[in-house]
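These are the residues of each chain, in order.
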Amino acid sequence: MFDTRFETLESLEPLKKIVREAARIMLDAPVKAIEGHEKSGWGDFVTDQDVEVQEVLQRELANSYPDIGFIAEEAGMADGSLDGAVFIVDPIDGTLNFVRGRKASAISIAYAVDREVVAALVYDPWMDETYTAIKGLGAYVNGSPIRVSSWPFTGGLATYGSAIYYKDLREKNHEMLDLVWDHAVDFRRSGAASLDLCHIAAGRSDVYCELRLQPWDYAAGALIVQEAGGFCTQVNGQPVKLHEGGSVLAGGAAAWREFADLARHTSFYNV
Ligand code: LIP
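Along every chain, residues carry numbers that run from 1 in the direction the sequence is written. This being a predicted model, a pLDDT of at least 70 is required before a residue's local features are given, and a value of 80 or more before pairs of side-chain atoms are given or counted; all residues contribute to the totals for chains, interfaces and linings. For side-chain calculations, the full set of non-hydrogen atoms in the structure is used, while hydrogens and water are omitted.

Draft legend 1. Looking closely at the site of the ligand. By nearness alone, 16 residues border the ligand, and Asp93, Thr95, Arg189, Ala193 and Glu210 come closest of all. Any N or O atom pair separated by 3.5 Å or less is treated as a polar contact, with the protein-specific requirement of one donor-capable and one acceptor-capable atom, and with residues adjacent in sequence counted only for side-chain atom pairs. A distance of 2.9 Å separates an oxygen atom of the ligand from a polar side-chain atom of aspartate 90. Taking aspartate 217, its side chain carries an N or O atom lying 3.3 Å from an oxygen atom of the ligand. Contact with the protein chains removes 91% of the 380 Å² of surface that the ligand exposes when unbound. Of all elements in the fold, only strand S4 (85-93) and strand S12 (207-213) reach the threshold of two or more residues within the shell around the ligand. Amino acid classes used here: Ala, Val, Leu, Ile, Met, Phe, Trp, Tyr, Cys and Pro are nonpolar; Asp, Glu, Lys and Arg are charged; the rest, including Gly, are polar. Residue classes in the shell around the ligand are distributed as seven nonpolar, three polar and six charged. Here, proximity means that at least one heavy atom of the residue falls within 4 Å of the molecule or strand. Note on areas: Shrake-Rupley, 1.4 Å probe, and residue coverage restricted to the protein chains presented here. Think of it this way: any DSSP run of H or I at least four residues long counts as a helix, any run of E at least two long counts as a strand, and we number them from the N terminus.

Draft legend 2. Spatial organisation of the packing of helix H5 (residues 193-201) against helix H6 (residues 215-227). Where H5 meets H6, the closest approach of the two axes is 8 Å, and the angle between their N-to-C directions is 5 degrees. By the angle between their directions, the pair H5 and H6 is classed as roughly parallel. Between H5 and H6, the residues in contact are Ala193, Ser194, Leu197, Cys198, Ile200 and Ala201 and Asp217, Tyr218, Gly221, Ala222, Ile224 and Val225, respectively. Its residues assigned to classes, the contact of H5 with H6 comprises nine nonpolar, two polar and one charged. The angle between two axes is taken between their N-to-C directions and runs from 0 to 180 degrees, where each axis is a line fitted to C-alpha atoms and a helix contributes only its stretch in contact. Roughly parallel covers angles under 35 degrees, roughly antiparallel covers those over 145, roughly perpendicular covers 65 to 115, and oblique covers all other angles. Here, residues are in contact when the closest pair of their heavy atoms is within 4.5 Å.

Draft legend 3. Just the side chain of serine 162, in detail. Within the secondary structure, serine 162 sits in the loop between strand S10 (157-161) and helix H4 (170-183). A relative accessible area of 16% means that serine 162 is categorised as buried. If near-sequence neighbours (up to four positions away) are discounted, serine 162 is found in contact with Asn173, Arg189 and Glu210. Throughout this description, buried means an accessible area under 20% of the type-specific maximum (1.4 Å probe, protein chains only), exposed means over 50%, and partly exposed covers the range between.

Draft legend 4. Examining the sheet that holds strand S14 (residues 246-251) more closely. Any two strands are treated as partners once DSSP identifies two or more bridges connecting them. Taken together, the five strands give an open sheet; going across it, the order is S11-S10-S12-S14-S13, and neighbouring strands pair in mixed fashion. Looking along the sheet, the strands with just one partner apiece sit at the ends: strand S11 (186-188) and strand S13 (231-233). The average undirected angle you get between the axes of adjacent strands in this sheet is 15 degrees. Strands in contact with H4 are S10, S11 and S12; relative to S10, the strand with the most contacts, it is inclined by about 170 degrees. Relative to S13, H6 is tilted by about 155 degrees, and along the sheet it contacts S12, S13 and S14.

Draft legend 5. Representation of the state of the cysteines in the model. Disulfides are defined in this document as cysteine sulfur pairs within 2.5 Å. For the structure shown, the criterion picks out zero disulfides. Here cysteine 209 is not disulfide-linked; the sulfur of cysteine 232 is the nearest cysteine sulfur, at 10 Å. Residue class for cysteine 209 comes out buried when judged on its relative accessible area of 2%. Of the residues examined, cysteine 232 reaches a relative accessible area of 3% and is grouped as buried.

Draft legend 6. Structural view of the packing of aromatic side chains. Between 30 and 60 degrees the pair is tilted, below 30 it is stacked and above 60 it is edge-to-face, where a pair is any two Phe, Tyr or Trp rings, Trp via its six-membered ring, whose centres lie within 6.5 Å. Applying the stated criterion across every chain, the model contains eleven aromatic pairs. Here tryptophan 181 and phenylalanine 187 contribute two aromatic rings whose centre-to-centre distance is 5.8 Å and whose plane-to-plane angle is 45 degrees, an arrangement assigned as tilted. Residue tryptophan 181 is classed as exposed on the basis of its relative accessible area of 64%. Among the residues examined, phenylalanine 187 registers a relative accessible area of 25% and is labelled partly exposed.

Draft legend 7. Up close: the sheet that holds strand S6 (residues 116-124). Spatially, the seven strands line up as an open sheet ordered S3-S4-S5-S6-S7-S8-S9, and their pairing is mixed. If you trace the sheet from one side to the other, it starts and ends with strand S3 (69-72) and strand S9 (144-145), each paired once. Of the pairings in the sheet, the one linking S6 to strand S7 (residues 129-134) comprises six bridges and is antiparallel in character. Within the sheet, the bridge partner assigned to valine 122 lies in S7 and is tyrosine 131. Strands S4, strand S5 (106-113), S6 and S7 of the sheet are contacted by H5, whose axis makes an angle of about 100 degrees with S6.

Dropping the structure here:
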């Protein structure tokens, strides 16, 4: 069943308003007062602001859309929570950047119906850039259409992510970086997957890979890339997973295909 709730770009305006209100918490937080508390291990942080932003989003979304479920990073994913219509939310994607005063973090909201994302919004409060997409209606930043680049992986600008707290992925990450080192013109590591994906969608970089993320990191960004004419899948080409975390590979057709073909011969292809 395709939900008609978000059928036009204008229908996203109430979401934008809610996100901008919540983002004030990030913008107004005096950096010295931001304390990161470790979650799953060294380097995986949550702040009071993550929880506060999430609480505002959950309250305001429930007020405006009482029949839509809510899944978020700091609340986890209960069984069955993906059934029907649901928001998949990362209240602050790029938390470690936020803790350290590095202005590379975003609020990410995906809207899924029957386990398919059909609308997406990522807000970068530092650049005041709102990325949006509705399935079949294209992708936009601040209302202007965006398209992925046509650069191939070889000679293109690569972006990647590698959460150091996943010690089991050490060798696979090194293998991924070797691939980047051998083919890309250069690489960047932002620390916020949702922004990495939006920059792919806007053609500001050409390919992005990260071996282990959570659905709230990429659910919105994946639709934005796809609606910008790109591909966003797991490294092995399978659709990204919403019920659990997994790898992410995104890019325009040329870069995505070249990276995926090269990755086929690596140990991280089916990570
Ligand atoms: C972050 C991701 C990033 C990844 C970090 C972290 P968070 O999400 O956006 O790409 O490399 O390790 O997982 O935890 O800041 O929401």
